[in-house]
Amino acid sequence: MLEEVKRRQLQLPTRIEHFENLSGLGVKASIEGKEVLVGTVKLMKQNGIDTAPLQEKINQFVERGETIVVLAVDGRVRAVVGAADTVKPMAKAAMSRLNQLGIETALITGDNQATAEAVAKTVGIKRVFADVLPQVKALFVKKLQDEGKFVAMVGDGVNDAPALAQADIGIAIGAGTDVAIETARVVLMKSDPSDVLRAIKLSKATITKMKQNLFWASFYNILAIPIAAGVLYPSFGIVLRPEVSALLMSASSIIVATNAVLLKRTEKNLVAV
């Protein structure tokens, strides 16, 4: 936008007063003595500003799934801008795999319903919560939890921090804000939606290895301790010598450690996810 201002050789105003950030709605300020509002259609309605003169253009942006930003000066609508985040190429594949795993996906956003549904349809997200103000995102996470769901929340902004804290598992994007990173339990180093899938698969593989190692350790001790105590000696004359018991204990540790190291195979396979 600043590049366009320079290209047109426009003069930016220097006297800006009474600036106010309206969370989830936009901003307002007094610029060169004029009252200026920049934000959502909802913000315009709350301030009694009629958007009808630009409604046709607004509808076009909404149909394309773009976020609407309206400019009003001294109570009259002056311009509307449609902005759209580029959907990452890997997002659709990541959502498809999550759905295949039986994981229900949901989008919680401050964008209008039409824009949110357009994005959700593009990437394959099942549920949409739109027009959500930043301060109430955590309430929508709580709503999902009240439905009996175990909720993992992925976010990267300051506004996502309360929702990340409310979720059973908060997942922050490494390129996000410090507040989001500090609040989340899991931090993805890259801004790649596929990393969410990788994290889930790696955690499941880790739990599987833990259960396997617990089984082998328990099985060995349940079997070996009675034999070492001489339970087979009266009937079969079988007794374990101390050095043999020590070797078997070492072998048990080696089996458990080797099984844990095999988790590296899972990690390598995740690169292709």
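Keep in mind that what you see is a predicted model, and the values were worked out from it rather than measured.

Cut-offs and rules
- Residues numbered from 1 in each chain as written.
- Predicted model: local features only at pLDDT ≥ 70, side-chain atom pairs only at ≥ 80, totals over all residues.
- Heavy atoms only, no water.
- Pairing = 2+ DSSP bridges.
- Helix = DSSP H or I, 4+ residues; strand = E, 2+ residues; numbered from the N terminus.
- Axes fitted to C-alpha atoms, helices over the stretch in contact; angles between N-to-C directions.
- Polar contact = N/O pair within 3.5 Å; in protein donor to acceptor, adjacent residues only side chain to side chain.
- Contact = heavy atoms within 4.5 Å.
- Core = buried A, V, L, I, M, F, W, Y, C linked by side-chain atoms within 4.5 Å.
- Buried < 20%, exposed > 50% of the residue type's maximum accessible area, 1.4 Å probe, protein only.
- Parallel < 35°, antiparallel > 145°, perpendicular 65-115°, else oblique.
- Nonpolar A, V, L, I, M, F, W, Y, C, P; charged D, E, K, R; others polar.

### Focus on the sheet that holds strand β8 (residues 152-155)
So, step 1. With parallel pairing, three strands are arranged side by side in an open sheet as β8-β9-β10. Taken across any chain shown, the strands that pair with only one partner, and hence form the sheet edges, are β8 and β10 (186-188). Strand-to-strand twist in this sheet, taken as the mean axis angle between neighbours without regard to direction, amounts to 20°.
So, step 2. As paired elements, β8 and strand β9 (residues 169-173) share four bridges and run parallel to each other.

### Comments concerning the side chain of N259
So, step 1. With respect to the helices and strands, N259 occurs in helix α11 (residues 242-261).
So, step 2. At a separation of 3.0 Å, a polar atom in the side chain of N259 contacts the side chain of K209.
So, step 3. With residues up to four places along the chain from it excluded, the contact list for N259 reads K209, Q212 and N213.

### Details of the nonpolar core
So, step 1. Residues L37, L43, M44, I49, I68, V70 and V80 are the most contacted members of the largest nonpolar core, which totals 14 residues.
So, step 2. At the level of secondary structure, the elements contributing two or more residues to this core comprise α2 (41-46), α3 (55-63), β4 (67-73) and β5 (76-83).
So, step 3. Setting aside residues up to four positions removed in sequence, M44 forms contacts with L37, V38, G39, I49, T51, V70 and A72.

### Thoughts on the packing of helix α9 (residues 194-228) against α11
The angle between the axes and the distance between the axes are what describe a pair of packed helices.
So, step 1. Between α9 and α11, the shortest axis-to-axis distance is 9 Å and the interhelical angle comes to 170°. As far as their axial angle goes, α11 and α9 are roughly antiparallel. Only S245, L248, M249, S252, V256, N259 and A260 of α11 make contact with α9, whose side of the interface consists of K209, Q212, N213, Y220, N221 and A228.
So, step 2. Per-class residue counts for the contact of α9 with α11 are six nonpolar, six polar and one charged.

The analysis is restricted to geometry; functional conclusions fall outside its scope.
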